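One letter stands for each residue in the lines below.
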Amino acid sequence: MPLLDIQNLRTYFSTRGGTVKAVDDVSLQIERGDALGLAGESGCGKTTTALTIMNLLPSNAEVLSGKVFLNDVDLLTIDEETLRKEVRMKQLSMVFQGAMNALNPVFRVGDQIRQGILTHEDITKEAAWERVRELFSLVGINPDRAREYPHEFSGGMKQRVIIAMALSCNPDLIIADEPVTALDVIIQAQILELMRDLREKLGLSMIMITHDLSVIADTCNKTAIMYAGKIVERASSITIFKKPKHPYTQGLIANFPSVSGELKGFEPISGSPPNLISPPNGCRFHPRCPYAMGVCSKEEPETVELERGHFVSCHLMK
Amino acid sequence: MRSIRKFGEQYKESKLGLLGLSIFLLFVFASAFAGVLAPYPIGPTQGDRNYILKPPSSKYLLGTDELGRDMLSMILYGGKVSLTIGILATLITAIIGTLVGVTAGYFGGKTEEILMRFTDVFLVIPGLPLMIVLASLLGATFWNMILVIGIQGWTGTARVLRAQVLSLKEKLFIESARSIGASDTRIIIKHIIPNVLPLIVAQMVLRIGSSILSASSLSFLGLGDPTHMSWGMTLHYAFSVGSLFSNFYWYLIPPGVCITLVVLSFTFIGYALDQIVNPRIRER
Amino acid sequence: MSSDEIILKVRNLRKWFPVRTGILEDLFSRDEKKFVKAVDGISFDIKKRQIYGLAGESGCGKTTTGRVILRLLEPTSGEVQLGDQDVFSLTKGELNEFRKSAQIIFQDPYESLNPRMSIFDFVSEPLVVHNIGNEEERVTNALKTVELIPPEEFFYRYPHELSGGQRQRVAIARAMILNPKFIVADEPVSMLDVSIRSSILKLMFKLRDEMGISYLYITHDLATTRQVCDKIAIMYLGKFVEEAETEELLSNPLHPYTQALVSAVPIPDPTARKSKVTISGEIPSPIDLPPGCRFRPRCPHAKEICSKEEPDLVEVVSNHRVACHVRV
């Protein structure tokens, strides 16, 4: 039974310009130990999906339908109190985009992490501080530095602190939103290596949200591609990168540059991502699809399981 | 232009702003058509000798003054004067403030130092006493009053604009303008000013209320132009005939209320504008 | 792809920024003035029609280099020659002429367009500044070249009505409207969506092919340089550590820093090697640099000479220069 089971999730935003269908019928499963890369361009709905899971949506958002089962409990039906005490941090943690800039500058980093632990677990302050020191070792920072303030850490180190914080109550699943985007190449590699290590050591399950396919190929065993609020394809990472079936996935992979291997040419995907207030009829990708047929502009494609674990939403699959 | 329409939509959301705008427009209308709306002329010799300092009646809706002039007509014509002084003085304030603020912010260095210290000097000198001194020296005429009020009010605008220009000049599109060879003058006129214009307008609106108040204060103190009867001048004469002690309420209340309402209306408008223009208050 | 004519020569370029301290420190401190040596002595050539990549991590000086070459920042010392013009000794009037032949495309298409200027005014501004007439025709052609079609539809639109990719095309139209010889492209696609990047890069190639433009392509993304650049130079703390033709540099990096960079870049292929960390630590502050090679504190192969002498950038293999005493 999957650790996380998202079924037919719909989250819409009401804005001055209309209703934005940010997440429109999204389904995903994560087994224990999986690292799922949720890839897509800006505005495709990946961050909104994460915020829906955590129930951290802004006030103008509404979850219209769907279920989010974590350890067999539908998170969308729990009250805020239980969610805060029992779920967040203890079962599920999130590393937000730019989280390293969200550390409170007037508190020591160790205190900030300890605060989170004490809120969720009934242990003494000293025991919690010991845990903080252990966490620092785990993420590769000298434990004595827990007494320092955020401004004394560099960008990469701050990101490690944030990861330590996310791990502090031993969650089953971590959602990381663009965890390495703002970092330099070498620091990025250090953090990615850390995340791979943690997965191995702790059996951690992970959802990594990013637009950077190379980061996903590097760390995730499964990949889901989102476009305009929908998941167009998901499968093991090897399948997605080597045998992509959806035209959008194919376009992305074909154009994603690499420092080694075959030199890729330029076959850009024409057009640009659609407006989510009035997305195209039928398949949302059809205006940009080189293989679009008549039915594509009329009917939304169903999700077909091509082979075990490989799901595609495209009329071509029939 | 589409941005004016968007601005209009945002403005409509502010109830205070709409209230202020309505009051202001009412006064503008009344002043513009004073000639038509006023029942009686208000020349110093055109008063009705038989109705001196009479309370409101069916003939003179708001009573009369010591020269027999109709108060309602006085208020209508007075509005024209007060509003004109307020707007013109504010224009002067805006021009000086913009020149100083933009130049200081854009050029920086010694220029900025000198200009900002100059601004500080003006900031330190209290407004009303300065105006009183200048008005006494220059003579109390309609145009002098506009000048005097304009000269003391520009410091706030200058400071706000300088701050805005300081952050604006670091923007990439300014560097882009330099990269194609645009001169400083061109950059200021075509790139900086259009982007600070909303702030200038917002500043101006806030200052009109204050200018009208200053004009009224000066007139009340006797430094106004007797040939141009403003609300302040009316109050001045009201006091000089002892309205407070003799309870000539119809002489005191109308000009006072008008000044208050107009200044209030500008405060409301300014508040609504601030909500729209100030990037920190705006949510979007 | 590129001819042999050299259009840009840079020699010993330096840009130092004084470190600002408070007034009291300035008055009472006896230490010599400190500088951030952002660019500290680089020399290279760019040929006609060549796309020359300048790559490195944040703080290495690549962005500053681009600005100084165009004199958007005044240099501390060094020489830059564009064609036969000595860029740093140009008078104000001559500098204006120079701006016609050397342009820049910025990284952020959301900030580099004036939000209150129509597209037409923005693209035609270079023409207005240099008093070149025929605006409508030239702007139409420029917009057609950057594939904003039909051009007339874009004339009276404003930046906020356009997507990131479209804005960047507008920025390119403005940069090329004066027929420059040389364009500095400062991370031109890093803020664009992945599916749009290729089309913008393709556009840059088109301009190179049709108009003979050379580029200095500044980036932190080594994978993109492979698609775009003919030659790459790697910068670290203000100096070049290695320079070679793209394929050669990426497949045979000789400097330990380049090696570290190349092995750290993740590859979009789950079956390929994972990104590897071969050096430790982080980029140090560029203010108090240790003597000798700047990379020595992090270098796994450092020897004694490395802490005494700064290595020169020398050609070790044909067309492949490295600044390293050890040269693995």
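Just above sits the structure.
Predicted, not measured: the structure shown is a model, and the values here were computed from it.

## Here we look at the packing of helix H6 (residues 127-138) of chain B against helix H7 (residues 142-152) of chain B
Residue and element names in this part refer to chain B.
Working step 1: As a packed pair, H6 and H7 sit with axes 9 Å apart at the nearest point and diverge in direction by 150°. Considering the relative orientation of H6 and H7, their crossing is right-handed. From H6, Gly127, Leu130, Met131, Leu134, Ala135 and Leu138 reach across to H7, where they touch Asn144, Met145, Val148, Ile149 and Gln152.

## Focus: the environment of Arg162 of chain B
Residue and element names in this part refer to chain B.
Working step 1: Topologically, Arg162 is positioned in helix H8 (residues 154-168).
Working step 2: By C-beta crowding, Arg162 is classed as buried, having 22 other C-beta atoms within 10 Å.
Working step 3: Setting aside chain neighbours within four positions, we find Arg162 in contact with Gly101, Ala104 and Gly105.

## Some remarks on the arrangement of the chains
Working step 1: If you rank the two pairs of chains in contact by how many contacts each has, first place goes to chains A and C.
Working step 2: In this structure chain A stays clear of chain B, and the shortest span between their C-alpha atoms is 10 Å.

## Observations concerning the interface of chain B and chain C
Working step 1: With 14 residues of chain B in contact, the opposing surface of chain C contributes 17 residues.
Working step 2: For the side of chain B that touches chain C, the secondary-structure elements that each account for two or more residues are helix H9 (172-179) and helix H10 (184-223) of chain B.
Working step 3: The biggest single contributor to the side of chain B that touches chain C is H9 of chain B, with six residues.
Working step 4: A per-class count over the side of chain B that touches chain C returns five nonpolar, five polar and four charged.

## Considering the sheet that holds strand E1 (residues 6-18) of chain C
Sheet strands line up and pair through hydrogen bonds in the backbone, either parallel or antiparallel.
Working step 1: Spatial ordering of the open sheet is given by E2-E1-E4-E5 (chain C), a layout of four strands whose pairing is antiparallel. Where the open sheet ends on each side, the last strands, each with one partner, are strand E2 (35-47) and strand E5 (85-86) of chain C.

## Description of the pairing of strand E10 (residues 230-236) of chain A
If a strand is regular, its side chains alternate between the two faces of the sheet.
All names here are of chain A.
Working step 1: When you tally the buried positions in E10, you get six out of seven residues, the bulk of the element.
Working step 2: Here strand E9 (residues 222-227) pairs with E10 via six bridges, running antiparallel. When the bridges of E10 are listed, Thr223 appears paired with Ala235.
Working step 3: Turn length for the E9-E10 hairpin, with the two strands adjacent in sequence and antiparallel, is two residues, and the turn residue Ala228 shows positive phi of about 50°.

## Structural notes on the environment of Ala202 of chain B
Working step 1: In this fold, Ala202 of chain B is placed in helix H10.
Working step 2: Along the sequence, Ala202 of chain B and Leu128 of chain B sit 74 residues apart, while their C-alpha atoms lie 23 Å from each other.

## Thoughts on unusual backbone geometry
Working step 1: The omega torsion of the bond from Ile149 of chain C to Pro150 of chain C falls at 0°, within 30 degrees of zero and hence cis.
Working step 2: Along the chain, Pro150 of chain C falls in the loop between helix H5 (135-145) and helix H6 (151-155).
Working step 3: Even without being glycine, Asn247 of chain B reaches a positive phi, approximately 60°.
Working step 4: As for its position among the elements, Asn247 of chain B is in the loop between helix H12 (243-246) and helix H13 (249-277).
Working step 5: A positive phi angle is found at Leu237 of chain C, which is not glycine, with a value near 45°.
Working step 6: Along the chain, Leu237 of chain C falls in the loop between strand E9 (231-236) and strand E10 (239-245).
Working step 7: We classify Leu237 of chain C as buried; it has 22 C-beta atoms within 10 Å.

## Considering the packing of helix H4 (residues 71-107) of chain B against helix H5 (residues 109-124) of chain B
Residues and elements named next belong to chain B.
Working step 1: Relative to each other, H4 and H5 sit at 145°, their axes nearing to 7 Å. Like other packed secondary-structure pairs, H4 and H5 cross with a definite hand, here left-handed. Here H4 contributes Val100, Thr103, Ala104 and Phe107 to the contact with H5, which in turn contributes Gly109, Thr111, Glu112, Leu115, Met116 and Thr119.
Working step 2: Across the contact of H4 with H5, the residue classes break down as five nonpolar, four polar and one charged.

## Concerning the environment of Leu261 of chain C
Working step 1: Looking at the element boundaries, Leu261 of chain C is found in helix H11 (residues 256-264).
Working step 2: Between the C-alpha atoms of Leu261 of chain C and Glu57 of chain C, which are 204 residues apart in sequence, the distance is 9.1 Å.
Working step 3: Not counting chain neighbours up to four residues away, the residues in contact with Leu261 of chain C comprise Val185 and Ile186 of chain A together with Leu222 and Ile234 of chain C.

## Some remarks on the interface of chain A and chain C
Working step 1: Counting from both sides, the interface comprises 37 residues of chain A and, opposite them, 37 residues of chain C.
Working step 2: Those elements that provide at least two residues to the side of chain A that touches chain C are helix H6 (185-202), helix H7 (213-219), helix H8 (237-242) and helix H9 (247-255) of chain A.
Working step 3: Residue contributions to the side of chain A that touches chain C peak at seven residues, all from H6 of chain A.
Working step 4: Residue composition of the side of chain A that touches chain C, grouped by class: 19 nonpolar, 13 polar and five charged.

## Describing helix H8 (residues 194-211) of chain C
Working step 1: Over its 18 residues, H8 of chain C runs 26 Å from end to end, which matches the ideal 26 Å to within 8%, given 1.5 Å per residue.
Working step 2: Three or more residues of H8 of chain C are buried, namely Val194, Ser195, Ile196, Arg197, Ser198, Ser199, Ile200, Leu201, Leu203, Met204 and Arg208 of chain C.
Working step 3: Check the buried side of H8 of chain C and you find it contacts H9 of chain A together with strand E3 (51-55), helix H7 (164-176), strand E7 (182-186), strand E8 (214-219) and helix H9 (222-228) of chain C.
Working step 4: Immediately downstream of H8 of chain C, the backbone of Gly212 of chain C shows phi near 70°, a positive value.

Conventions used here
- Each chain has its residues counted from 1, running along the sequence as written.
- The naming scheme follows written order: chains are lettered A onward, ligands numbered 1 onward.
- Restriction of local features to residues with pLDDT of at least 70 applies here, the model being predicted, together with a cutoff of 80 or more for giving and counting side-chain atom pairs; totals for whole chains, interfaces and linings are based on all residues.
- Axis definition: a line fitted to C-alpha atoms, over the contacting stretch in the case of helices. Angles run 0 to 180 degrees between N-to-C directions.
- Starting at the N terminus, helices and strands are each numbered in turn, a helix being any DSSP run of H or I of at least four residues and a strand any DSSP run of E of at least two.
- Crossings are sorted by hand: turned counterclockwise from the far helix by less than a right angle, the near helix makes the crossing left-handed, and turned clockwise it makes it right-handed.
- We call two residues in contact when their backbone-placed C-beta atoms lie within 7 Å.
- Three exposure classes are used, based on other C-beta atoms lying within 10 Å of a residue's own C-beta, which is placed from the backbone: buried for 20 or more, exposed for 12 or fewer, and partly exposed in between.
- Residue classes follow a fixed rule: Ala, Val, Leu, Ile, Met, Phe, Trp, Tyr, Cys and Pro count as nonpolar, while Asp, Glu, Lys and Arg count as charged, and any other residue, Gly among them, counts as polar.
- For two strands to pair, DSSP has to find at least two bridges joining them.
- A helix's residues, less one, multiplied by 1.5 Å, set its expected span.

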